[in-house]
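Listed here are the chains, written in short residue letters.
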Amino acid sequence: MNSFVNNLVFSLNATVPVFLMMVFGWIINKFGLIDDHTTAKLNQFVFKALLPALLFSDLSTADFKAVWDGKFVVFCIVCTVISVTIAVMLSLLHKDKSERGEIIQACYRSSAAILGIAFVKNIYGQATMAALMIVGTVPIYNIVAVAVLSLTSPTADKSDTKKLIMNTVKNTLTNPIIIGIAVGLLWSVIGIPQPVILSKSVSYLANMATPLSLIALGASIKLGEAKEKLPSAVKIALVKLLLFCIIFLPVAVAFGFRGEKLIAILVMLGSATTGSCFVMCRNLGHKGTLTACTVMITTLLSAFTLTGWLFLLKTLSYI
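Rules of the game
- Residue positions are given per chain, counted from 1 along the sequence in the order it is written.
- Local features in a predicted model are, by the rule used here, given only for residues with pLDDT of at least 70; side-chain atom pairs are given and counted only at 80 or more, and totals for whole chains, interfaces and linings are based on all residues.
- Water and hydrogen atoms play no part in the side-chain values, which are based on all heavy atoms of the structure.
- Axis definition: a line fitted to C-alpha atoms, over the contacting stretch in the case of helices. Angles run 0 to 180 degrees between N-to-C directions.
- Only DSSP runs of H or I with at least four residues qualify as helices, and only runs of E with at least two residues qualify as strands; both kinds are numbered from the N terminus onward.
- In this scheme, roughly parallel covers angles under 35 degrees and roughly antiparallel covers those over 145, while 65 to 115 is roughly perpendicular and the rest are oblique.
- By definition, any crossing whose near helix is turned counterclockwise from its far helix by less than a right angle is left-handed, and any crossing with a clockwise turn is right-handed.
- Contacts: residue pairs with any heavy atoms within 4.5 Å of one another.
- In this count, Pro and Cys sit with the nonpolar residues alongside Ala, Val, Leu, Ile, Met, Phe, Trp and Tyr, while Asp, Glu, Lys and Arg are called charged and the others, Gly among them, polar.
- Within the patch definition used here, like charges are joined within 9 Å and nonpolar side chains (Val, Leu, Ile, Met, Phe, Trp, Tyr) within 5 Å, considering only residues with over 30% relative accessible area and no salt bridge.
- Computed by Shrake-Rupley with a 1.4 Å probe, the accessible areas treat only the displayed protein chains as cover when residues are assessed.
- Salt bridge, as used here: a side-chain nitrogen of Lys or Arg that lies within 4 Å of a carboxyl oxygen of Asp or Glu.
- Using a 1.4 Å probe on the protein chains alone, a residue whose accessible area is under 20% of its type maximum counts as buried, one over 50% counts as exposed, and one in between counts as partly exposed.
- Ring geometry is summarised as follows: Phe, Tyr and Trp rings, the Trp one being its six-membered ring, pair when their centres sit within 6.5 Å, and such pairs are stacked at plane angles under 30 degrees, edge-to-face over 60 and tilted between the two.

Taken N-terminus to C-terminus, the directions of helix α5 (residues 100–108) and helix α11 (residues 230–254) make an angle of 30°; their axes are 8 Å apart at the nearest point. In terms of their interaxial angle, α5 and α11 are classed as roughly parallel. In terms of crossing hand, the pair formed by α5 and α11 is right-handed. For the pair α5 and α11, the contacting residues are I103, A106, C107 and Y108 in the first and I236, V239, K240 and F244 in the second. Of the residues in the contact of α5 with α11, the class split is 7 nonpolar, no polar and 1 charged.

Relative to the helices and strands, S317 is located in the segment after α14 (289–315). C-alpha of S317 to C-alpha of G259: the two residues are 58 residues apart in sequence and 9.1 Å apart in space.

Moving on, we get to a nonpolar patch on the surface. A cluster of nonpolar side chains, namely F4, V5, L8, V9, L12, V16, L20, V23, I27, F31 and L33, defines an oily patch on the protein surface of about 980 Å² accessible area. Inspection of the secondary structure puts L33 in the loop between α1 (2–30) and α2 (36–60). Residue classification places L33 among the exposed residues on the basis of a relative accessible area of 65%.

A word on the pattern of salt bridges. For the structure on display, the rule yields 1 salt bridge. Linking D69 and K261 is a salt bridge whose minimum nitrogen-to-oxygen distance equals 2.3 Å. One end of the pair, D69, is in the loop between α3 (64–67) and α4 (70–91); the other, K261, is in helix α12 (residues 259–270), with 192 residues separating them in the sequence. Residue classification places D69 among the buried residues on the basis of a relative accessible area of 15%. The class of K261 is partly exposed, set by a relative accessible area of 25%.

We note that S317 has phi near 65°; this positive angle belongs to a residue other than glycine. Its relative accessible area of 59% is what places S317 among the exposed residues.

Okay, the packing of aromatic side chains next. Two numbers describe a pair of aromatic rings. These are the distance of the centres and the angle of the planes. For the structure shown, the criterion picks out 6 aromatic pairs. Residues F75 and F255 carry aromatic rings whose centres are separated by 5.7 Å and whose planes lie at 55° to one another, so their mutual orientation is tilted. With F75 in helix α4 and F255 in the loop between α11 and α12, the pair connects residues that are 180 residues apart, well separated along the chain. In this structure F255 comes out as partly exposed when scored by relative accessible area, which is 44%. Seen from their ring centres, F75 and F257 are 5.2 Å apart, and the 55° between their planes marks the pair as tilted. Pair noted here: F75 is in helix α4 and F257 is in the loop between α11 and α12, with a separation of 182 residues, a long-range link.

Written out as structure tokens, the structure reads:
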């Protein structure tokens, strides 16, 4: 009984603070303390400045040889590719062809940068393994998203293959998260010492990343918009939050991943659909209604599913 309570407390301590910050963001938006324009700018600030600073801070001060785990990164890549394949097959069951691209992206694309870092950092105090997970997933996320959304877009010119490829490459190489990880890893490999002024300045930015990203995510939730596409969004949520975890978590355990690595894999597989999916949908000619609904539904439900998965992994002594 004591172990049950301890495991439950551990799981709640890991998830509840994260989602309370999102609830706080939603509340201050409802009370008008921040409006939609401010929320959008805050999301940009977090994505382009704070999260890269956080990842750079964690990786640049780490021992690269001790941090790097090729087996872990390859596992994340393979899981992502298989998840995309499953999402593509499931999308073929949807009658509205114009929404198939949205379904594919919403199924496989996790909130790895925001929720992933938040969970791992909340439990272990640093996000090194989350950063390595991002190395293996975010490039694939971007490449596949641009490709499937462009190919299924009602408005895009599908004949311009060269432009599609160039946009995909550009979006991947200029992703601020990828840049932050690359610079942090390079800094670690070269072994450049960090002056106190630099390390403190970066740490100030890094410390703001998690709370502000969660507040902005919560402020972005619009419950009233979640009704129109609710049935389809719930189906996607079941795939996103449960199916991939059921398939891949036992495999991860069999491969010997434990602790921080297993938490990073859990977030990669079973966290909410990232809000950036909606932005990409709109930019590539899709309505984005189904995507917006899915982001909200998966964000709300993941408070319960992630707690459940953490409790199960803790009870089985895998974390």
